[in-house]
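As a plain string of letters, each chain reads:
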Amino acid sequence: MSHEPALIGIRIPGPLPSTSGRYTMYYFLYYFQEVEGGNTNTDPGACEISATDAGSEEAQGSEEKAPARFGWVVGVMVRCMLNIWGVILFLRLSWITSQAGILLTWLIILISVTVTSVTALSISAIATNGRVISGGAYFMISRTLGPEIGGPIGVVFSFANALACALNTVGFAEVFGVVMVDSINDVRIVGVITVTVLLLISLAGMEWESKVILSLNNFSSFLISLFVFFSQTQILFFLVLLVSLSNYFVGTFIPPSIEKQAQGIFGYRTEIFLENLTPNWRGNEANFFQMFAIFFPSAIGILSGANISGDLKDPATAIPKGTLMAIFWTTISYLMISVTVASCVVRDASGNMTDILTGNLTDGCVGLGCKMGWNFTDCIQQKNCEYGLANNSKVLGQVSGFYYLITAGVFAASLSSALGFLVSAPKVFQCLCKDNLYPYIGFFAKGYGKNDEPLRAYVLCYIIAVAFILIAELNTIAALISNFFLCSYSLINFSCFHASITNSPGWRPSFHYYSKWTALFGAVISVVLMFLFTWWAALITFCIIFFLFGYINYNKPKVNWGSSVQAGTYNMALSYSVSLTGVEDHVKNFRPQCLVLTGPPNQRPALVDFVGSFTKHISLMICGDIIMEPERQTRPQDATDQLVKWMNKRKVRSFYTPFTAESLRTGARYLMQASGLGKLKPNTLVLGFKSNWRESSPESIEDYINTIYDTFDANFCLCILRMMDGLDISDQFDCEGLMTDDVSDNSNSDQIKTVFQNTQGKKSIDVYWIADDGGLTLLVPYLITRRKHWRNCKIRVFIVGDELNMDEGRNEMMALLKRFRLHFSDVIVMTDSEKRPQAKNMTRFVDSVAPFRLHDEQQTGVTDQELRQREPWKISDKEFEAFKQKSERKVRLNEIIRRNSQHTALVLVSLPVPHSDCPSALYMAWLDTLTCGLHCPAVLIRGNQQNVLTFYCQ
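The structure reproduced in this document is the subject of the present report. Everything numeric here is computed off the predicted structure, so don't read it as measured data. (Residues numbered from 1 in each chain as written. Predicted model: local features only at pLDDT ≥ 70, side-chain atom pairs only at ≥ 80, totals over all residues. Heavy atoms only, no water.)

1. What to know about the sheet that holds strand E7 (residues 717–722)
One open sheet holds the 10 strands; their spatial order is E5-E4-E3-E6-E7-E14-E13-E8-E9-E10, and the pairing between them is mixed. Every interior strand has two partners, whereas the edge strands, strand E5 (655–660) and strand E10 (826–830), have only one. Taking each pair of neighbouring strands and ignoring which way they run, the sheet shows an average axis angle of 20 degrees. Alignment of strand E9 (residues 794–800) against E10, held across five bridges, turns out to be parallel. (Pairing = 2+ DSSP bridges. Helix = DSSP H or I, 4+ residues; strand = E, 2+ residues; numbered from the N terminus. Axes fitted to C-alpha atoms, helices over the stretch in contact; angles between N-to-C directions.)

2. Things to note about the packing of helix H16 (residues 403–434) against helix H17 (residues 455–469)
Relative orientation and spacing of two packed helices are given, respectively, by the angle between their axes and the distance between those axes. For the pair H16 and H17, interaxial distance at closest approach is 8 Å and the crossing angle is 120 degrees. Taken together, the axes of H16 and H17 are oblique relative to one another. The handedness of the crossing between H16 and H17 is right-handed. On H17, the residues touching Leu-422, Val-423, Ala-425, Pro-426, Lys-427 and Phe-429 of H16 are Ala-457, Tyr-458, Leu-460 and Cys-461. (Parallel < 35°, antiparallel > 145°, perpendicular 65-115°, else oblique. Left-handed = near helix turned anticlockwise from the far one by under 90°. Contact = heavy atoms within 4.5 Å.)

3. Section: the environment of Ala-668
Secondary-structure assignment places Ala-668 in helix H25 (residues 664–674). Considering only alpha carbons, one finds Ala-668 and Leu-595, 73 residues apart in sequence, at a separation of 9.2 Å. For Ala-668, the residues in contact, after removing those within four places along its chain, are Leu-597, Ile-626 and Thr-707.

4. Description of the side chain of Ser-158
In this fold, Ser-158 is placed in helix H7 (residues 147–176). Judged by its relative accessible area of 7%, Ser-158 is buried. Not counting residues within four places of it along the chain, the set of residues in contact with Ser-158 comprises Ala-425, Val-428 and Phe-429. (Buried < 20%, exposed > 50% of the residue type's maximum accessible area, 1.4 Å probe, protein only.)

5. A word on a nonpolar patch on the surface
On the surface, a cluster of nonpolar side chains totalling about 660 Å² of accessible area is made up of Phe-176, Val-178, Met-180, Val-181, Ile-189, Ile-193, Val-197 and Ile-201. The element contributing the most residues to the nonpolar patch is helix H8 (residues 183–214), with four residues. For Ile-201, the position within the fold is in helix H8. (Patch = residues over 30% accessible without salt bridge, like charges linked within 9 Å, V, L, I, M, F, W, Y side chains within 5 Å. Areas by Shrake-Rupley, 256 points an atom, 1.4 Å probe, with all protein chains shown as cover. Salt bridge = Lys/Arg side-chain N within 4 Å of Asp/Glu carboxyl O.)

6. Digging into the side chain of Ser-619
Inspection of the secondary structure assignment puts Ser-619 in the loop between helix H22 (605–615) and strand E4 (621–627). A polar contact of 2.9 Å, which involves the side chain of Ser-619, links it to the backbone oxygen of Pro-592. Apart from residues no more than four positions distant in its own chain, Ser-619 is found in contact with Arg-591, Pro-592, Gln-593 and Phe-614. (Polar contact = N/O pair within 3.5 Å; in protein donor to acceptor, adjacent residues only side chain to side chain.)

7. What to know about helix H21 (residues 564–580)
Here H21 is 17 residues long and its end C-alpha atoms lie 24 Å apart, about the 24 Å a rise of 1.5 Å per residue gives. Where H21 is concerned, the buried positions are Ser-564, Ala-567, Gly-568 and Ser-577. (Expected span 1.5 Å × (residues − 1).)

8. Here we look at helix H13 (residues 315–344)
For H13, with 30 residues, the first-to-last C-alpha span of 42 Å sits near the 44 Å given by 1.5 Å per residue. Across the 30 residues that make up H13, a large majority, 21, are buried.

9. A word on the pairing of strand E8 (residues 764–768)
Of all the five residues making up E8, five are buried; the element is thus mostly covered by neighbouring parts of the structure. Burial along E8 is two-sided: Ser-764, Asp-766 and Tyr-768 and Ile-765 and Val-767, pointing in opposite directions, are all buried. Relative to E9, E8 runs parallel, the two sharing five bridges. Residue pairing across strands places Asp-766 opposite Arg-796, the latter belonging to E9. Read from E8 through helix H28 (residues 776–784) to E9, the crossover connection turns out right-handed. In this sheet, strand E13 (residues 906–910) lies alongside E8 in parallel orientation, the contact comprising four bridges. By the bridge assignment for E13, Tyr-768 is matched with Val-909. (Right-handed = clockwise from strand over helix to strand, strands pointing away.)

Below you can see the structure in the form of structure tokens.
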């Protein structure tokens with residue numbers, strides 16, 4: 001049976017796993033593990049690898065073995081130790097010990113261990129609360145704390161990895177030892193050449209890996225060989241470092257030769273140990289925290305295991321066990337190397353074998369070397385010693401048994417770490433770019449080849465690394481890296497703390513041996529150390545983070561990762577809502593909390609915008625959509641989601657509540673009873689004016705008016721908005737399009753601009769305060785003028801009065817408004833409101849109700865009570881005459897409104913209280929008459945007689 005070389009449609013979930021480890025070969029274990037393990041998990045950033053089917057019955061029918069995964073030793077401990085044993089150990093630990101002394105060096109190491117151990121526990125918890133697929137620390141923080149924090153730290157962490165590549169490359173260049181120009185430029189030249197070669201190796205390695213995979217016939221064999229190869233490569237580098245360190249410790253016991261003694265190496269001596277026990281700061285900026293900042297990059301390797309948690313046999317055990325064991329053994333090695341080298345080597349030596357003392361002549365001899373038979377006085381006094389702990393970064397190699405084994409260790413540590421960081425930085429940045437949180441970086445998200453390699457991000461990382469390699473100062477780069485990685489550690493710990501404190505049911509890490517308080521301690525101490533190390537760099541870092549945080553917080557990217565921030569927001573909302581239930585209402589805290597019967601909100605945008613203009617950032621708004629039974633059958637399943645998206649896109653701060661009912665009245669009554677939570681319950685019902693009432697069925701008019709009755713019975717306030725062109729825009733567009741197609745992320749076609757979104761300039765808002773309703777009629781226009789578009793509008797108040805007391809009434813009203821601290825510009829007394837209306841206007845009113853009249857000759861043999869039960873909307877002659885005076889007042893008030901408010905921005909009129917014996921058609925005609933003939937929005941408004949304004953302090 002022949003086997004065709006092919007790939008079997010591999011689904012890669014997102015970008016390749018990032019790591020600060022040595023090689024990228026292990027990435028393929030993840031992909032084949034996904035295929036062979038039957039994992040069908042998909043990720044938004046996933047990419048497809050298409051291929052032909054193998055077409056083999058034998059291949060299809062046989063069960064392939066699951067790929068071997070990493071254990072805690074090779075997968076975590078070895079990987080972390082390889083990154084922790086880096087250039088700082090070989091090139092700066094001895095120098096730091098000479099500056100800080102043994103005691104303070106141990107303190108630096110132990111504080112670093114405390115930070116990394118606490119962070120390791122937090123990493124273990126986060127990494128075992130779901131699979132970490134890609135992106136390392138960025139993925140963990142962003143999926144735990146959300147995009148607002150994850151986005152900034154993704155930028156910082158990517159940058160930090162690029163700097164780590166530069167650090168290890170500069171460390172390699174220092175040891176390379178080729179003299180071309182001078183010490184600084186030699187490091188620059190060698191560093192740039194080295195990182196360029198590493199970039200080419202990375203790119204060539206990817207091409208080779210792709211060709212190898214495409215040419216393989218048997219996946220399982222490849223996986224086994226790949227695992228063995230990678231494991232052996234890791235172990236090979238690990239053994240090189242072990243041999244190098246063993247070589248150093250053996251060298252400390254070998255009696256030093258004359259040449260080594262001239263370099264300040266004398267073997268274990270009590271005098272040297274005591275001399276190096278205390279600090280000896282040299283240089284203007286040498287201090288404890290400066291040494292700490294230079295040392296801390298040695299602790300940046302603890303994320304290596306967590307970055308590949310998906311490839312571990314048992315992440316819940318492997319990550320904490322491997323990481324903590326790596327921290328333990330590397331800490332022992334750092335402590336032992338610092339104390340042994342400080343017990344064997346003096347701080348200053350000339351390296352000149354002629355400086356040996358003959359006899360006991362020590363007069364004028366300066367330094368500890370005098371007791372060892374060496375006179376280093378000249379170089380000490382002239383401060384030009386080239387050897388000793390304080391002057392030579394290659395002391396470990398000189399102390400060791402064989403110098404070039406230490407050099408091999410430095411090469412292994414620096415080059416492999418540089419290569420690992422050069423690979424991980426683009427991977428992390430590609431993961432960030434694919435999340436599409438920031439503009440203009442999508443260019444770097446593009447991947448190439450079968451493995452979706454981020455070649456553009458590689459070039460960007462290379463440019464950043466070269467820029468910092470040109471600094472050619474290992475100490476400067478190390479201090480900057482400390483700042484960025486401490487920031488990452490702080491956010492990792494805070495992620496763990498925040499996820500724990502919110503008590504989210506989704507926070508269920510497999511690793512249980514962590515504490516939210518130790519995580520908080522780790523977060524705080526990391527921030528404190530950032531500012532103690534390099535305050536200006538910490539300040540710049542936080543400024544960048546706050547800027548990036550503000551950008552995401554403002555733009556609200558359309559991602560949902562189930563973050564702890566969401567859980568925390570829910571907890572806070574629930575806690576505050578419950579606490580409010582025990583607080584009694586007070587007039588000073590009154591807010592118009594509105595239930596708005598909008599129907600589908602995108603079909604009545606003016607109604608939504610009107611209520612939003614005085615509730616946004618102030619009070620509650622609920623858009624109620626009463627769905628009749630026939631509409632429910634044809635309503636799209638995703639209609640609710642689409643309408644919520646529409647409101648979010650319009651930046652409307654409102655809830656949307658659909659409710660199925662038989663009629664408007666039934667739905668409104670249930671919504672008024674059931675909507676809201678605790679004190680967050682509506683107290684005001686907002687309706688659109690029924691402009692087609694003349695053409696509507698009498699039953700619908702009765703239903704509309706009964707809804708108004710129920711509103712007052714429920715002790716609700718009431719607002720009715722009338723737009724001269726109508727509220728419903730569904731006739732102008734395809735109704736189904738409004739519900740589905742037009743509600744898109746990138747189009748504004750569904751966002752109809754209304755008058756409430758326009759700047760009104762210096763127009764006026766006219767308030768016709770006919771009756772005292774508790775103050776809602778005065779409060780709403782004041783709240784509207786607090787909005788940007790209405791800020792320059794002037795509010796005029798019209799009140800009813802007589803000519804004799806006009807001035808007195810006006811002054812009293814002005815004084816009252818002033819005491820209420822309502823900035824109204826003018827008060828106008830209507831002295832002619834009791835006059836009879838013009839005949840033509842009264843005739844128009846009579847004509848409007850004519851279809852609903854029931855004349856005496858038509859009701860022969862029928863009592864008024866029977867008529868009311870059978871046709872409650874009908875207006876008998878008796879009823880028409882009984883309410884004639886009220887009808888004339890409505891017509892007259894409309895004449896006054898049209899005369900005074902033709903060019904205003906908004907008109908608010910006190911809503912007449914409905915009478916139980918008033919026919920619904922007559923009351924509807926009153927509402928129509930009050931607001932007809934205007935060219936601006938008109939609002940009929942009525943409070944529930946409860947005071948909403950006060951001029952008292954308590």
